[in-house]
Amino acid sequence: MKIIAVCGMGIGTSVLLKMNTEKVLRKLGIDADVEAADIGVARGMARDAEIVLTSEDLAAQIGDVSATVIVIDNFFDLVEIEDKLTAAID
Amino acid sequence: MTVSTSVKLAEELPEVAILTHATAADWRAAITLAGQALVASGVTTDNYTAEMVAAVEDLGPYIVIAPGLAIAHSRPSSAVLRAGLSWVSLATPVMFGNKKNDPVSLVIGLAAPDHASHLGIMSALALVLADADALSQLTEADSPARVREILAAIDKKSSQDPPLERKAHS
């Protein structure tokens, strides 16, 4: 499975989101590639990804993609990430 | 990420990169303080401060990624001299316009010259920001020296913890 963590610049918040998502995936025992991306390249990358994780402010700018777009409110709330990922995967 | 434990956050944040209980009238002023602290520690030039403000003007207040916490940053550019951080806690929290996580009481300035050289810093930062107790102590800390003391204690604790299990990959 391929998951993309999206932020505005691709170096800051998306990297933190990627790290915390990887922690959750390890706990769940799910094998997935998580990549950090900036909003400019995210649309293209989302074509072959199953899930896109981002913040509310950026979700609208990703637009219409086939991947499931999940909005994370608190990037350090591992329970929130786990709940929303689990719901999207099931 | 195997680089994670090698970076000590206290070493990445000299006292000139830290402002405690600072006063900022609005989000622009708060980001500007974080930018000035990056400049003071030789991480960026003044242009980067303007780029961080412009990033929020262009893309919205998405940098407020947890309650009370903003990661001010822009993209790699000639205004970035090396990877680094700054730390600004605010006396009075300010609104960034983020629906879920306003108001902001801690602004962390972040600069990276490329997409890789700051990853060790990010791992160390992720560890601290995920620790709610440490974060509340850090937000209350009333001097740069105290912030560095708390960070050093966390660095020490994390270096003593056993490494994350990697059996699945070995």
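Here the structure is a predicted model, which is why all the values come from computation and not from measurement.

## Details of the overall build of chain A
Part 1 of the reasoning: Looking only at helices and strands, chain A has four helices and four strands in total.
Part 2 of the reasoning: Listing each helix as α and each strand as β along chain A from the N terminus yields β-α-β-α-β-α-β-α.
Part 3 of the reasoning: Relative to a compact globule of 90 residues, whose C-alpha radius of gyration would be 12 Å, chain A shows 11 Å and is just as compact.
Part 4 of the reasoning: Across its three principal axes, chain A shows a C-alpha extent of roughly 30 × 25 × 20 Å.
Part 5 of the reasoning: Of all 90 residues assigned to chain A, the portion counted as buried reaches 56%.
Part 6 of the reasoning: Contacts in chain A between residues at least 24 apart in sequence constitute 54% of all its contacts with a sequence separation of at least 6.
Part 7 of the reasoning: Per element, the accessible surface of chain A, about 3700 Å² overall, is 48% carbon and sulfur.
Part 8 of the reasoning: Across chain A, 8 positive and 16 negative side-chain charges occur, with their mean positions spaced 4 Å apart.

## Some remarks on helix α6 (residues 144-160) of chain B
Residue and element names in this part refer to chain B.
Part 1 of the reasoning: Its 17 residues give α6 an end-to-end C-alpha distance of 25 Å, which sits within 8% of 24 Å, the value for a rise of 1.5 Å per residue.
Part 2 of the reasoning: If you check which residues of α6 are buried, you get V147, I150, L151, I154 and D155. An end-on view of α6 places all buried positions within 140° of arc, on one side of the element. Residues of α6 that are exposed and angled more than 90 degrees away from the buried face: K156, K157 and Q160.
Part 3 of the reasoning: Buried-residue contacts for α6 involve α1 (9-12), β1 (18-22), β4 (84-94), α4 (119-129) and α5 (132-140).

## Comments concerning the pattern of salt bridges
Part 1 of the reasoning: The tally for this structure, following the rule as stated, stands at eleven salt bridges over all chains.
Part 2 of the reasoning: The salt bridge partner of K27 of chain A is E82 of chain A, with a shortest N-O separation of 2.7 Å. Linking K27 of chain A in helix α1 (residues 13-28) with E82 of chain A in helix α4 (residues 78-89), this pair joins segments that are 55 residues apart in sequence.
Part 3 of the reasoning: Overall, K27 of chain A belongs to the exposed group, its relative accessible area being 62%.
Part 4 of the reasoning: E57 of chain B serves as the salt-bridge partner of R28 of chain B, at 3.0 Å between the closest nitrogen and oxygen.

## With respect to the interface of chain B and chain A
The extent of an interface is frequently quoted as the accessible surface area lost upon association of the parts.
Part 1 of the reasoning: Contacts between chain B and chain A engage 31 residues on the former and 24 residues on the latter.
Part 2 of the reasoning: Interface area, chain B with chain A, both sides summed: about 2400 Å², of which 67% is carbon and sulfur.
Part 3 of the reasoning: Broken down residue by residue, the surface that chain B buries against chain A is led by L59, Y62 and I65 of chain B, which jointly contribute 27%.
Part 4 of the reasoning: Linking chain B with chain A are three salt bridges, by the criterion used here.
Part 5 of the reasoning: Note that K99 of chain B and E56 of chain A form a salt bridge whose closest N and O atoms lie 3.5 Å from each other.
Part 6 of the reasoning: Connecting chain B to chain A are seven residue pairs in polar contact (both at pLDDT 80 or more).
Part 7 of the reasoning: Among the elements of the structure, α3 (46-59), β2 (64-66), β3 (69-73) and α4 of chain B are those that each provide at least two residues to the side of chain B that touches chain A.
Part 8 of the reasoning: By residue class, the composition of the side of chain B that touches chain A is 20 nonpolar, seven polar and four charged.

## Observations regarding the UniProt feature "domain: PTS EIIB type-2" (unreviewed entry) in chain A
Part 1 of the reasoning: The sites that UniProt annotates as "domain: PTS EIIB type-2" (unreviewed entry) are residues 1-90 of chain A.
Part 2 of the reasoning: Annotated as residues 1-90 of chain A, this span is 47% helix and 22% strand, and its ends, taken at the C-alpha atoms, are 13 Å apart.

## Observations concerning α3 of chain B
Residue and element names in this part refer to chain B.
Part 1 of the reasoning: Counted at 1.5 Å a residue, the expected span for α3 with its 14 residues is 20 Å, and the 21 Å between its end C-alpha atoms agrees.
Part 2 of the reasoning: Those residues of α3 that sit buried are Y48, T49, M52, V53, A55, V56 and L59. Summarising the axial view, the buried residues of α3 lie within an arc of 155°, below the 170-degree limit, and thus occupy one face. Facing away from the buried side of α3 by more than 90 degrees, the exposed set consists of D46, N47 and D58.
Part 3 of the reasoning: Following α3 by one or two positions, G60 has its phi on the positive side, about 90°.

## Topic: the packing of α5 of chain B against α6 of chain B
Residues and elements named next belong to chain B.
Part 1 of the reasoning: Between α5 and α6, whose axes approach to 9 Å, the crossing angle comes to 165°. Taken together, the axes of α5 and α6 lie roughly antiparallel to each other. Every pair of crossing elements has a handedness; the one defined by α5 and α6 is right-handed. For the pair formed by α5 and α6, the contact residues are A134, Q137 and L138 on the first element and R146, V147, I150, L151 and I154 on the second.

The rules behind these values
- Residues numbered from 1 in each chain as written.
- Chains lettered and ligands numbered in written order.
- Predicted model: local features only at pLDDT ≥ 70, side-chain atom pairs only at ≥ 80, totals over all residues.
- Heavy atoms only, no water.
- Helix = DSSP H or I, 4+ residues; strand = E, 2+ residues; numbered from the N terminus.
- Rg over C-alpha atoms; globule rule 2.2 N^0.38 Å.
- Buried < 20%, exposed > 50% of the residue type's maximum accessible area, 1.4 Å probe, protein only.
- Contact = heavy atoms within 4.5 Å.
- Areas by Shrake-Rupley, 256 points an atom, 1.4 Å probe, with all protein chains shown as cover.
- Lys, Arg positive; Asp, Glu negative; His and termini not counted.
- Charge placed at Lys NZ, Arg CZ, Asp CG, Glu CD.
- Expected span 1.5 Å × (residues − 1).
- Arc of directions from axis to C-beta.
- Salt bridge = Lys/Arg side-chain N within 4 Å of Asp/Glu carboxyl O.
- Buried area = accessible area lost by both parts, 1.4 Å probe.
- Polar contact = N/O pair within 3.5 Å; in protein donor to acceptor, adjacent residues only side chain to side chain.
- Nonpolar A, V, L, I, M, F, W, Y, C, P; charged D, E, K, R; others polar.
- UniProt positions renumbered as here; feature names shortened; annotations may be inferred.
- Axes fitted to C-alpha atoms, helices over the stretch in contact; angles between N-to-C directions.
- Parallel < 35°, antiparallel > 145°, perpendicular 65-115°, else oblique.
- Left-handed = near helix turned anticlockwise from the far one by under 90°.

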